[in-house]
Amino acid sequence: PKVFYTLPDGTERVVAAEPGDSVMRTAIRNGVTGILGQCGGELSCATCHVFVDERHAGEFPPVSEDEDDMLDVAATDREDTSRLSCRLVLAAGQEVHVTVPEAQL
Ligand code: FES
């Protein structure tokens, strides 16, 4: 899989990912700035907030109640496309475009 991260300054990072890794873990592994993942993917920090490109709507499981609660307290206001990127697990061959919000803390 491959992840295209659009950073707050408008630049793009394209990163090859491992199947089974999340969009959060892929960012951390590759030094993509702006995704912190402070809780390590336990759904308790909201510092892995991203906006998922609308073309990928439906490619991931829907937002759970716990994820929804955490998105409410994300540092950057949530939008319809908001997800916690530790919930976005990548499958082989998948290509995903996400935008990193201005702030995670
Ligand atoms: Fe903490 Fe995703 S890494 S909620």
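Counting restarts for each chain, with residues numbered from 1 along the sequence as it is written. The model is predicted, so local features are restricted to residues of pLDDT at least 70 and side-chain atom pairs to those at 80 or more, both for listing and for counting; the totals for chains, interfaces and linings are taken over all residues.

Considering the overall build of the chain
Phase 1 of the analysis: Here a strand is any run of E in DSSP of at least two residues, a helix any run of H or I of at least four, and the numbering for each starts at the N terminus. Looking only at helices and strands, the chain has two helices and five strands in total.
Phase 2 of the analysis: Each helix and strand of the chain, placed in order from N terminus to C terminus, yields the pattern β-β-α-β-α-β-β.
Phase 3 of the analysis: The globule rule used here is 2.2 Å times the number of residues to the 0.38 power, and the radius of gyration it is set against is calculated over C-alpha atoms. On C-alpha atoms alone, the chain measures out to a radius of gyration of 12 Å, which is about the 13 Å that the 2.2 N^0.38 rule sets for 105 residues.
Phase 4 of the analysis: Based on the C-alpha atoms only, the size of the chain along its principal axes is roughly 30 × 30 × 25 Å.
Phase 5 of the analysis: Looking at the chain as a whole, 30% of its 105 residues qualify as buried. Here the C-beta atoms are placed from the backbone, and a residue counts as buried if at least 20 other C-beta atoms lie within 10 Å of its own, exposed if 12 or fewer do, and partly exposed otherwise.

With respect to the confidence of the model for the chain
Phase 1 of the analysis: Residues of the chain with pLDDT of at least 70 account for 100%, and the chain-wide mean is 97.
Phase 2 of the analysis: On the interface metric, ipTM, the complex scores 0.99, and its pTM is 0.97. The predictor attaches a confidence to each residue, called pLDDT, with possible values from 0 through 100.

Let's talk about the sheet that holds strand S2 (residues 12-16)
Phase 1 of the analysis: One requirement defines pairing of two strands: DSSP has to find at least two bridges between them. The sheet built from five strands is open, its strands ordered S2-S1-S5-S3-S4 with mixed pairing. Two strands bound the open sheet, and with one partner strand each, they are S2 and strand S4 (82-84). Across this sheet, the average inter-strand angle for adjacent strands is 35°, counted without regard to direction.
Phase 2 of the analysis: Relative to S4, strand S3 (residues 49-52) runs antiparallel, the two being bridged by three bridges. Within S4, the position partnered with Phe-51 by the bridge is Ser-82. For helices, the fitted axis covers only the stretch in contact; all axes are lines through C-alpha atoms, and the angles between them, taken along N-to-C directions, range from 0 to 180 degrees.

Let's talk about the pairing of S2
Phase 1 of the analysis: Judged by how many residues are buried, S2 sits mostly at the surface: zero of five residues are covered.
Phase 2 of the analysis: Relative to S2, strand S1 (residues 2-6) runs antiparallel, the two being bridged by five bridges. Paired with Lys-2 across the two strands is Ala-16, which belongs to S2.
Phase 3 of the analysis: Connecting S1 to the next strand, S2, in antiparallel fashion are five residues, including Gly-10 with a positive phi near 95°.

Some words on the environment of Cys-48
Phase 1 of the analysis: Secondary-structure assignment places Cys-48 in the loop between helix H1 (23-29) and S3.
Phase 2 of the analysis: Once the C-alpha coordinates of Cys-48 and Gln-38 are considered, the two residues, ten residues apart in sequence, prove to be 7.8 Å apart.

Some remarks on unusual backbone geometry
Phase 1 of the analysis: If you check the backbone angles, Leu-43 has positive phi at about 65° while not being a glycine.
Phase 2 of the analysis: For Leu-43, the location among the structural elements is in the loop between H1 and S3.
Phase 3 of the analysis: Judged by C-beta crowding, with 15 C-beta atoms within 10 Å, Leu-43 ranks as partly exposed.

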